[in-house]
Structure formats: structure tokens, C-alpha cells
Amino acid sequence: MADEMRFELRIDDDVYPVDGNVTVGRHLDNDVIVAGEDVLDYHLRLEAGERGVSVVPLASATYSLNGRETDARAGLLPGDRLGVGGTQLQLVLHRSPRRTADWSVRADRDGTRTSIGSGLVVGRQSDAGLRISSEHISRRHAEFVPIDGDLWLRDFDSANGTRVNGVPLQGGCCLFNGDEVAFDEFGYRVMAQGTDITAVRDFLPADLRPMVDTQDAESLPAISEPNREPSITRSQFVRPLPGPGEPHLVGLSGPVAGLRYPVRLGANRIGRHPDCEIRVDLPDLADVEAVLQVLADRISLTALSGVSTPSHNGVPTRLAMLHDGDSFALGEASFGYRAGQGAARSAARPRPLIIAALLGALLTAGVLAWFSFH
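Cut-off values and rules
- Residues numbered from 1 in each chain as written.
- Predicted model: local features only at pLDDT ≥ 70, side-chain atom pairs only at ≥ 80, totals over all residues.
- Heavy atoms only, no water.
- Buried < 20%, exposed > 50% of the residue type's maximum accessible area, 1.4 Å probe, protein only.
- Helix = DSSP H or I, 4+ residues; strand = E, 2+ residues; numbered from the N terminus.
- Pairing = 2+ DSSP bridges.
- Core = buried A, V, L, I, M, F, W, Y, C linked by side-chain atoms within 4.5 Å.
- Phe/Tyr/Trp six-rings, centres within 6.5 Å; stacked < 30°, edge-to-face > 60°.
- Disulfide = S-S within 2.5 Å.
- Salt bridge = Lys/Arg side-chain N within 4 Å of Asp/Glu carboxyl O.
- pLDDT = per-residue confidence, 0-100.
- Contact = heavy atoms within 4.5 Å.
- Polar contact = N/O pair within 3.5 Å; in protein donor to acceptor, adjacent residues only side chain to side chain.

Participant: Explain the pairing of strand β6 (residues 52-57) to me, please; I cannot follow it from the model alone.
Facilitator: Residues in a regular strand project their side chains so that they alternate between the two faces of the sheet. Within β6, six of the six residues are buried, leaving the element largely enclosed by the surrounding structure. Bridge count for strand β5 (residues 44-49) against β6 is six bridges, and the pairing is antiparallel. Directly across from E47, in β6, lies its bridge partner S54. Linking β5 back to β6 in an antiparallel pair, the connection comprises two residues. With three bridges connecting them, β6 and strand β9 (residues 74-76) associate as antiparallel partners. Bridging from a neighbouring strand, V55 pairs with A74 of β9.

In C-alpha cells form, the structure reads like this:
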């Protein structure tokens, strides 16, 4: 069964599916019609995506979120209640299949891991499950909420805010394994163990080497390394092949044919430089030819050097969002992307803000490349 999150709005006994954009108001053209003198013709828009449903007030509209009046855009959690005029609407989540997962967060500063369990409040107050003793943290700053095996995060209108993968959080959203969450300046990595959860870990030194089958290693030609004699044979590069839940690249042609490369969260540099996470020693590639930027819910490829003519699924391009089964070429080397079992849900379809995501990936990749080798 495909992994699916399906949302509905309930008004008493009436049920309205939330798929894509749904409008709420008193005009007959709305998807959800709500009567009332204090209800605008087009009052709210609900936007469904991989990270849940967001509510967007239209024109000068106000609404209540769990009893609190507001006019701001906000991400919703399953079970949240919206008040439009005198009508109450509740967001309901249907998930299939249901998952079982143990969630925790790991602090960037000291690596301390805190189990989320049935829920975890973040804040400065003494009884917070994740207590951060800083004047920049609100007493009740945010809360992690597990629902049906997924993990959700809600910000309690904190003074200095909450960010998910660098993006300020308004209201709440669904989290993915490996997400980076920051409460003001205090960063954490979200970690999970369970069924249908993509494996996530940091790069290890061995990950800088390509992966080959042990039985085929001795028959492969030698790999030349700059300023190093004698040449290192591929048999010395043998690593265990990735499991079904580990995203990776597969070499399709050229000198990388048959090789596999692990894909980790963050920036995966592709090029000739020895420090590249995915090293391809070809004369027609630059030290850093491209960057594979991996977040838990999207993967982008950004060509940097202009030395080669990159392509994505056979189409020349310098920016691309990758999905399971896609291929791309850099010079004489071509790769296939394999998301693995339980991979990021965004691999199923492009995100609505694809242009913004690609531009952000280009900027990130350029900065990373400059700092890495200057």
C-alpha cells in the first residue's frame, strides 16, 4: 500500500476533502460554504502539502485557531479547530498505512539525544521535557507531537521563533527523519527508528569511497589518485552495499558504471577534489562540478562549474529536483538516483514552490563550494 496522508475538514457531520487548495467562505463558488454576516465571500484558503495543511486568511479575514483569534497564516496539526464566524471546522488526518516509530532529537551542541515519547514540550520553564535555559527561549516555546507514527511540531508563538531546515515555522508542520530544527540559536536533528523510515546518519570517512560488490572488485581497473603512487585499486575501496532503506546514486555509464555512492543529508559535492563526498576523477570535471543538496523532503542537483554540460533525464539543465528513478549526467559520467525504501515523500511529485527551492539550492551550493576550497 502506498504511503499516504489524507486530510479532511469536518463541520458537524459533513466531511470535505482537503486536496491541494480549498477555499472557505460564504460565496457559492467556495469549496466549503460557511454562512454568516461576519464571514467574507472568500474567507480562508487551505493549502495541503507534504508537511501538512496551512491556513491562509484572505483579504482582511480573521479566524480562530483552537480558540485563539488571529489573522496570520499558520500550519495546522491534525485535530486543530478553525473558527469561521460561528462555525467550527476540524482538521482530520487519515494515514495509510499507520506507522510505528520511535522519535528523538539530537542536540547540535553536545550530541545529547532526548526521546520524544508521547510528546515533548520545548521551553525555558523547569518542567519542559526539553529544557533550554536561555533568555532567548520562551517559557513554552514549542512542542513535538507524535500522531499515527508521524512527528509534528508546533510553535507556541515564541518570541524568537522556530525554524525547520532554516525556514521560519508559522503554526505547525509535519517533520521528516533527519530534519534540522532550531529554537532561536539552539539547533537539533530529528531522528527516528521504525518501519518505512529512511535511514539517516552523518557522513563517515568510508563514505567518501565508492561502493562496489566484493566479488567484482578485483576485476575492476585501478583508480588513480593525484600525487599518490602507486595507484589504489578498487578492491581497497570495498564497502558494504546500501540496504533497501538507504538512498544512493548508481553509476550508469562511463568510469562510474556499476558503482554506488551513498547519499546523506546536507551537501553532497560531486567532482575531482579528494574531499568531495562523491568523487569522480575525470579530466572533463571541475574540482566541484555539482552539489546534490539533500533535505529530508527534497533533493536538488545544482551544476556549479560550467566545465561540463549537465543533463537531467536527458534534458540539458543546471538546476533540477531529483525523484526516485531519475538520471543525470556530468561529462562522461551518468548516474541514477535511487530513493530507497521509505524515502522522502517529496520524491512522488514536485513541490509547489519548486523555483524558489531550486534558487535556494543554487545559492547554498555556491556558498558551500567557495568555503570548502578557499
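So that's the structure; there's more coming.
Participant: Is there a simple way to explain the nonpolar core in this structure?
Facilitator: Side chains of nonpolar character tend, in soluble globular proteins, to be buried together. L46 and W152 are the most contacted members of the largest nonpolar core, which has 28 residues in total. Among the elements that line this core, the one with the most residues is strand β1 (residues 4-11), at four residues. Within the second largest apolar cluster, 24 residues are counted, among which are V164, C173, F186 and Y188.

Participant: Help me understand the packing of aromatic side chains, please; the structure alone is not making it clear to me.
Facilitator: The description of an aromatic ring pair rests on the distance of the ring centres and on the angle between the ring planes. Here the structure, examined in full by the defined rule, presents five aromatic pairs. On the numbers, 5.9 Å between centres and 55 degrees between planes, the contact of F183 with Y188 is tilted. Aromatic pair Y261 and F335: ring centres 6.0 Å apart, planes at 70 degrees, arrangement edge-to-face. Of this pair, Y261 sits in strand β24 (residues 260-262) while F335 sits in strand β33 (residues 333-338), and the two are 74 residues apart along the sequence. Accessibility assignment for this pair places Y261 and F335 in one class, buried.

Participant: Is there a simple way to explain the state of the cysteines in this structure?
Facilitator: Covalent bonding between the sulfur atoms of two cysteines is what defines a disulfide. Tallying each qualifying case throughout the model produces zero disulfides. Of the cysteine sulfurs around C173, a residue in no disulfide, the closest is that of C174, at 7.2 Å.

Participant: Teacher, can you tell me more about the sheet that holds β6 here?
Facilitator: Neighbouring strands of a sheet are bound in pairs by backbone hydrogen bonds; such pairs are parallel or else antiparallel. Taking strand neighbours across the sheet as the criterion, the five strands line up as β4-β3-β5-β6-β9 in an open arrangement whose pairing is mixed. Unpaired on one side and paired on the other, β4 (32-33) and β9 mark the two borders of the sheet. In this sheet, β4 lies alongside strand β3 (residues 21-25) in parallel orientation, the contact comprising two bridges. What sits directly across from V24, in β4, is V32.

Participant: Can you help me understand the pattern of salt bridges in this one?
Facilitator: For the structure on display, the rule yields 13 salt bridges. With its nearest N and O atoms 2.8 Å apart, the salt bridge here joins D179 to R51. In this pair, D179 is assigned in the loop between β20 (172-175) and β21 (180-183) and R51 in the loop between β5 and β6, connecting sequence segments 128 residues apart. Across the pair, exposure class does not vary: D179 and R51 are buried alike. E277 is the partner of R269 in a salt bridge, and the nearest nitrogen-oxygen pair spans 2.9 Å.

Participant: Explain the pairing of β3 to me, please; I cannot follow it from the model alone.
Facilitator: Within β3, four of the five residues are buried, which leaves it mostly tucked inside the rest of the structure. Of the pairings in the sheet, the one linking β3 to β5 comprises four bridges and is antiparallel in character. Bridge pairing in β5 links N21 to E47.

Participant: Mind showing me how you'd approach the confidence of the model for the chain here?
Facilitator: Detailed reading of the predicted coordinates is not advisable wherever pLDDT is low. Mean pLDDT for the chain: 80, with 75% of residues reaching 70 or above. Looking over the chain, one finds the lowest element-wise mean pLDDT in helix α1 (residues 214-217), namely 39, and the highest in strand β14 (residues 120-123), namely 98. Overall, residues 211-242 carries pLDDT values under 50, and its contacts beyond four positions in sequence, including any with other chains, amount to 53 contacts. For the stretch residues 342-356, pLDDT sits under 50, and the model shows 30 contacts to residues farther than four places along the chain or on other chains.

Participant: In this structure, what is going on with the side chain of E8? I would like to understand it.
Facilitator: With respect to the helices and strands, E8 occurs in strand β1. A residue is classified by how much of its surface remains accessible, and E8, at 12% relative accessible area, is buried. Within the local environment of E8, its side chain forms a polar contact with the side chain of R6, the two groups lying 3.1 Å apart. A distance of 3.1 Å separates a polar atom in the side chain of E8 from a polar atom in the side chain of H94. The contacts of E8, once residues within four sequence positions are left out, are V15, Y16, P17, V18, Q90, L91, V92 and H94.

Participant: Sorry if this is basic, but what is going on with the environment of E69 here?
Facilitator: By secondary structure assignment, the location of E69 is in strand β8 (residues 68-70). Residue E69 is classed as exposed on the basis of its relative accessible area of 54%. Considering only alpha carbons, one finds E69 and L82, 13 residues apart in sequence, at a separation of 9.6 Å. In this structure E69 touches T62, Y63 and S64, once residues within four positions along its chain are discounted. A distance of 3.1 Å separates a polar atom in the side chain of E69 from a polar atom in the side chain of T62.

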